[in-house]
Amino acid sequence: MSLSLDDVSRIARLARIEISPAETEQTRMQLNGILAFVEQLQAVNTEGIAPMAHAVDVVQRLRRDAVTEADRRDAFQAIAPEAEAGLYLVPKVIE
Amino acid sequence: MSQREAQWEVVIGLETHAQLQTKSKIFSGASIAFGAEPNRQACAVDIALPGVLPVLNRDTVVCAIKFGLAVGARIAERSIFARKNYFYPDLPKGYQISQFELPVVSGGGLAIHVGDQEKFVHLTRAHLEEDAGKSLHEDFHGKTGIDLNRAGTPLLEIVTEPDMRSSAEAVAYAKALHSLVTWIGICDGNMQEGSFRCDANVSVRRPGAPLGTRREIKNLNSFRFLQQAIDYEIQWQINEIEEGRAIHQATVLFDPDTGATRAMRSKEDAHDYRYFPDPDLLPLEIKPEWIAEVRAGLPELPQQMQARFEAEHRLSPYDAATLTAAPAIATFFEHSVALACAKNLATPKLIANWIAGRLTAKLNESGQDIASSPLTPEMLVGLIECVANGTISNKIAKEVFEVLWNGEGQDADAIIKARGLKQVSDALAIEPIIDAVLAANPKSVEEFRAGKDKAFNALVGQIMKATQGKANPQQVNDLLKKKLAG
């Protein structure tokens, strides 16, 4: 599998990363390099082996259902670019 | 159904978000209590400060297991959390933690009733995920305000197969599901507060044709809106196709003010979520012992209880379904039946009628829950006893019911005595009244003799009126017949 320039532009758009046309070609080559590694991995026969969802073969530890977090709004909003009436303000979003 | 609609088959699938009744969020220890000031319940994990890690709340998994058991589904021994990637300011991480390939619950289903028809709606899956925050678009000098209190609230998203064929079936399913999740105590079911909201996938096709293109109506938070939105959408799609236009897959919003659906403006890439397993969360393992433990703690389910009511008390499926709509209603009914049994009154059907009829109407009118009903099972059974032993007629019973409901008395018997409502079953007392009514209505008497049965009812009405409804109706009938014949 290899990516086209259009694929790269699309991925960049989805990730909200701005790349120039020159960078697009460079990124395409780098991404295709990574995909080539994956292709090598795919050569391994994995029949009958359950896919792993995580690199470490352990299971999730669970948390007891309890409220353990105090209200730290003032501290958090002190480092926010803009806040008003307890709300974080962001550039206007149009649905 | 109009003739035109009969030429089309409607296909509906529902996705429901049920907010889970826990104390804390799904991946953080912040509170999920409703109504807090903005961002007072949004901790470092919820606002996605760098370096924070999610830790799964055990009780959310218990809720999912309970649900899976209640709908006869498979519970995954191992399930995976995935990142659903999209950009929106009320989703500060840039992804929602959800489940994709291996959801915690798959399969199962719910029986629904529409009229006399029973139908089984199959579930595809149910998975755990976190809710997003809220965007407030108005009034911040051209900016959008973000409240992240809701971010990270635990949700169970319950997805059906496209099994429903009308808005009525969709509403019946949504109601059955609502009743089930509140019954097993995993969701408070509060639709105004958004604890239970539905997305409806709707398409139409010619009978037998392949599935049509669907449009998804988002965020329906009442059963009425669900019905209205689907009905509008069906008509809209049929019109489009009949006028030669193709349906394009889209996400639409329902506007309760206009009763119409409209497509959301969305970019072509909006649905490319690029799911992948969340490296911050390890696979969730649910051992059979855990499932067994949850199973042991499950209450009798509404459908089991319905079947028991039908068998034990000979109730109709409709009555049994009404009485098992919520645990508090079932408790009220069972408590009443037990009290009636203690008095040797074999009246489960009567009790069911009072609860499903008068009491439910009153509760709806006043917006009250049966648990806080001013009329108690003790009062209801006392009232039924007075009808059963002939002290009052059904008509007067309705009056006494009002008095009990309004809190103007605690005991039916005492109310009847105090207000002189006792039924008159004494022929010597009724006969003179009948004679007077007959004398005053010679025309009705003539008509009856001429073969008009209606005239008889008119006379009965006059007699009941003259006795303020207190005469025993059966006795009035018998005596009147005798007099008219004589």
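Note that the structure is a prediction, hence the values are computed from the model and not measured.

## Some thoughts on the overall build of chain B
- What chain B contains, in helices and strands, is 16 helices and 17 strands.
- In terms of overall dimensions, chain B is more spread out than a globule: its C-alpha atoms have a radius of gyration of 29 Å, far above the 23 Å expected for 486 residues.
- Dimensions along the principal axes, computed over C-alpha positions, put chain B at roughly 95 × 55 × 50 Å.
- Taking contacts inside chain B between residues at least 6 apart in sequence as the whole, the part at least 24 apart equals 68%.
- Roughly 23,000 Å² of accessible area belongs to chain B as shown, and the carbon and sulfur atoms make up 52% of that amount.

## A look at the overall build of chain A
- A tally of helices and strands in chain A yields three helices and two strands.
- In sequence order, the secondary structure elements of chain A are arranged as α-α-α-β-β.
- For 95 residues, the compact-globule estimate of 2.2 N^0.38 gives 12 Å, and the C-alpha radius of gyration of chain A, at 22 Å, exceeds that figure by more than 25%.
- Overall, the C-alpha framework of chain A stretches about 55 × 45 × 25 Å when taken along its three principal axes.
- Within the span of chain A, comprising 95 residues, buried residues form 22% of the whole.
- Put simply, 29% of the contacts in chain A that link residues at least 6 apart link residues at least 24 apart.
- Taken as a whole, chain A presents about 7,200 Å² of accessible surface, with 58% of it coming from carbon and sulfur.
- One finds the centroid of the 10 positive side-chain charges in chain A at a distance of 6 Å from the centroid of its 15 negative side-chain charges.

## Observations regarding the side chain of Asp-278 of chain B
- Topologically, Asp-278 of chain B is positioned in the loop between strand S16 (276–277) and strand S17 (284–285).
- Every residue in contact with Asp-278 of chain B, bar those within four places of it in the chain, is listed here: His-54 of chain A together with Phe-81, Ala-82, Arg-83, Tyr-95 and Ile-97 of chain B.

## Section: the side chain of Thr-153 of chain B
- Residue placement: Thr-153 of chain B occurs in the loop between strand S10 (143–147) and strand S11 (154–160).
- Ignoring any residue separated from it by four or fewer positions in sequence, one finds Thr-153 of chain B in contact with Gln-19, Lys-25, Ile-32, Glu-129, Glu-130 and Asp-131 of chain B.

## Describing the nonpolar core
Residues and elements named next belong to chain B.
- One finds Phe-67, Ile-158, Tyr-173, Ile-355 and Val-400 to be the most contacted residues of the largest nonpolar core, which totals 109 residues.
- In terms of residue count, the dominant contributor to this core is helix H3 (residues 167–183) (nine residues).
- Counting contributing residues per domain, this core is built from domain 1 (5–293) and domain 2 (300–419), each supplying no fewer than three.
- Among all residues touching Tyr-173, those that are not within four sequence positions of it are Leu-14, Thr-16, Leu-110, Ile-112, Val-121, Leu-123, Ile-158, Thr-160 and Met-164.
- If you look at the next biggest cluster of nonpolar residues, it comprises 15 residues, including Leu-459, Ile-463, Val-476 and Leu-480.

## Things to note about the pairing of strand S7 (residues 109–114) of chain B
All names here are of chain B.
- Two elements, S7 and strand S8 (residues 117–130), share six bridges in a ladder whose sense is antiparallel. By the bridge assignment, Leu-110 is partnered in S8 with Val-121.
- The antiparallel hairpin formed by S7 and S8 contains two residues in its connecting segment, where Gly-115 sits at a positive phi of about 60°.

## Quick notes on the sheet that holds strand S4 (residues 82–85) of chain B
Residues and elements named next belong to chain B.
- Pairing within the open sheet is antiparallel, and its three strands lie in the order S5-S4-S16. Two strands in the sheet have a free side with no partner beyond their single neighbour: strand S5 (95–98) and S16.
- Bridge count between S4 and S5: four bridges; the pairing is antiparallel. Note on S5: the bridge partner recorded for Arg-83 is Ile-97.

Conventions used here
Throughout, a residue's number is its position along its own chain's written sequence, starting from 1. Throughout, the order in which chains and ligands are written sets their labels, letters from A for the former and numbers from 1 for the latter. Totals for whole chains, interfaces and linings use all residues, but because this is a predicted model, local features are given only for residues with pLDDT of at least 70 and pairs of side-chain atoms are given and counted only at 80 or more. As a rule here, side-chain values cover all heavy atoms of the structure and leave hydrogens and water aside. A helix here means a DSSP run of H or I that spans at least four residues, while a strand means a run of E at least two residues long, and both kinds are numbered starting from the N terminus. Based on C-alpha atoms, the radius of gyration is set beside the globule rule, defined as 2.2 Å times the residue count to the power 0.38. Whether two residues touch is decided by their heavy atoms; if any such pair falls within 4.5 Å, the residues are in contact. For every accessible area listed, the method is Shrake-Rupley and the probe measures 1.4 Å; residues are considered covered only by the protein chains on display. Under the scheme applied here, a residue whose accessible area is under 20% of the maximum for its type counts as buried, over 50% as exposed, and between as partly exposed, the area being computed with a 1.4 Å probe on protein chains only. When charges are counted, neither His nor the chain ends are considered; positive counts come from Lys and Arg and negative counts from Asp and Glu. Charge placement uses NZ in Lys and CZ in Arg. For Asp and Glu, CG and CD serve respectively. Think of a nonpolar core as a cluster: buried Ala, Val, Leu, Ile, Met, Phe, Trp, Tyr and Cys residues, connected wherever their side-chain atoms sit within 4.5 Å. The domain boundaries here were taken from an automatic or database domain assignment. Only when DSSP finds a minimum of two bridges between them are two strands counted as paired.

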